[in-house]
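# Residue-level structural notes
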Amino acid sequence: MRTGIRILLPLMLLVAACGRPAITPMEKAPARGQKLIVFAPVVRGFPERDQSTVSGALTGSILTHLGPSGQSHRVGWRNLESDFGDFSDRLFQAAFDAYSAKTRKLKDVEIPERDTTLFRELDAIGGRLAVAFKALHLPVWTPTHLLVTGVERFAPDFLSSRHFRVFAFVVDRENHTLAFGIRIELETSDNLYRQVESLLRAGKTIATPLVQWFPSQLPPVVKVRVPATPETVESPEE
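Residues numbered from 1 in each chain as written. Predicted model: local features only at pLDDT ≥ 70, side-chain atom pairs only at ≥ 80, totals over all residues. Heavy atoms only, no water.

Attention now goes to the overall build of the protein. A count of helices and strands for the protein gives 6 helices and 10 strands. When contacts within the protein are restricted to residue pairs at least 6 apart in sequence, long-range pairs at least 24 apart make up 71% of them. Total accessible area computed for the protein in this model is approximately 14,300 Å², and 55% of it derives from carbon and sulfur atoms. (Helix = DSSP H or I, 4+ residues; strand = E, 2+ residues; numbered from the N terminus. Contact = heavy atoms within 4.5 Å. Areas by Shrake-Rupley, 256 points an atom, 1.4 Å probe, with all protein chains shown as cover.)

Structural data, given as structure tokens:
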């Protein structure tokens, strides 16, 4: 009996259990030619020394699987950070609250230290990003959708396995709504390497349904061919 338990426990610890994601489907397609701006995740429950590893794993996986359909917020963010600060944290919390309340409408939040609100930040950040792209000699466009994510890890159970949860929300910046939401439940061993593996898979799970909504290029123009019509020859009058 003890031998059976010794064999079974390692197998349980090595299996990364991923339940079926809970998804709020995409509300509507963005404008043609848009890319999805991807922000770094809010990370909770991990030691400070591991947070950059966790953040990089999830963000890198999402961007890799989005391909040309996504773009990191860090492109041009250096010139915006002083004005927007912890914008992604505030936006994630607002999206999380809407998702939990099963509504798409975000709630505006006062930001006293900056004398502004979340909705004003959403309205302003699109144009500011466009200016930042121009300053970097990149194609100028005004992003309409932003992806914010979060990872929360919980205390280990009696088998030393770890349960953690991943959220990802696409926010429609112009309409102040939750355009897409997904929750992924993960469980793996209490080993950072195994947890990072699970986050890499979670990044793919998040990106896969979004690629179709943010195509990397405009669809090709449909060529319409009109069949030639033979000319009719009038017979001469008699």
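So, on to helix α6 (residues 192-211). Here α6 spans 28 Å end to end across 20 residues, near enough to the 28 Å set by a 1.5 Å rise per residue. Looking only at α6, the buried set comprises Gln195, Val196, Ser198, Leu199, Ala202, Gly203, Ile206, Ala207 and Leu210. Two or three places before tyrosine 193, at the opening of α6, asparagine 191 has a side-chain oxygen 2.9 Å from that residue's backbone nitrogen. (Expected span 1.5 Å × (residues − 1). Buried < 20%, exposed > 50% of the residue type's maximum accessible area, 1.4 Å probe, protein only. Polar contact = N/O pair within 3.5 Å; in protein donor to acceptor, adjacent residues only side chain to side chain.)

Now for the pattern of salt bridges. Oppositely charged side chains may form a pair once their charged atoms are brought near each other. Using the criterion set out here, one finds 8 salt bridges in the structure. Its salt-bridge partner being arginine 173, residue glutamate 174 comes within 3.9 Å of it at the nearest N-O pair. Taking relative accessible area as the criterion, glutamate 174 reaches 49% and is therefore assigned partly exposed. A salt bridge links arginine 194 to glutamate 197; the shortest N-O distance between them is 3.3 Å. Placement of the pair is arginine 194 and glutamate 197 together in helix α6, with a separation of 3 residues, close to one helical turn. For glutamate 197, a relative accessible area of 24% gives the class partly exposed. A single salt-bridge network, built from bridges that share partners, covers Arg165, Arg183 and Glu185. (Salt bridge = Lys/Arg side-chain N within 4 Å of Asp/Glu carboxyl O.)

This part takes up the packing of aromatic side chains. One pass over the structure, following the stated rule, counts 12 aromatic pairs. Each ring, one from phenylalanine 46 and one from phenylalanine 164, has its centre 6.3 Å from the other, and the planes form 80 degrees; the classification is edge-to-face. Remark: phenylalanine 164 occurs in strand β9 (residues 161-172) and phenylalanine 46 occurs in the loop between β4 (42-44) and α2 (48-66); sequence separation between them is 118 residues. Each member of the pair, phenylalanine 46 together with phenylalanine 164, is buried. Ring geometry for phenylalanine 92 and phenylalanine 169: centres 5.6 Å apart, planes at 40 degrees, overall tilted. Remark: phenylalanine 169 occurs in strand β9 and phenylalanine 92 occurs in helix α4 (residues 87-100); sequence separation between them is 77 residues. Clustering of aromatic rings is evident, with ring pairs tying together Phe92, Phe96, Tyr99, Phe167 and Phe169. Seen from the ring of phenylalanine 46, arginine 153 lies directly overhead, with NZ or CZ sitting 4.4 Å from the centre. (Phe/Tyr/Trp six-rings, centres within 6.5 Å; stacked < 30°, edge-to-face > 60°. Lys NZ or Arg CZ within 6 Å of the ring centre and 35° of its normal.)

Read these as layout, nothing more, since geometry by itself doesn't imply function.
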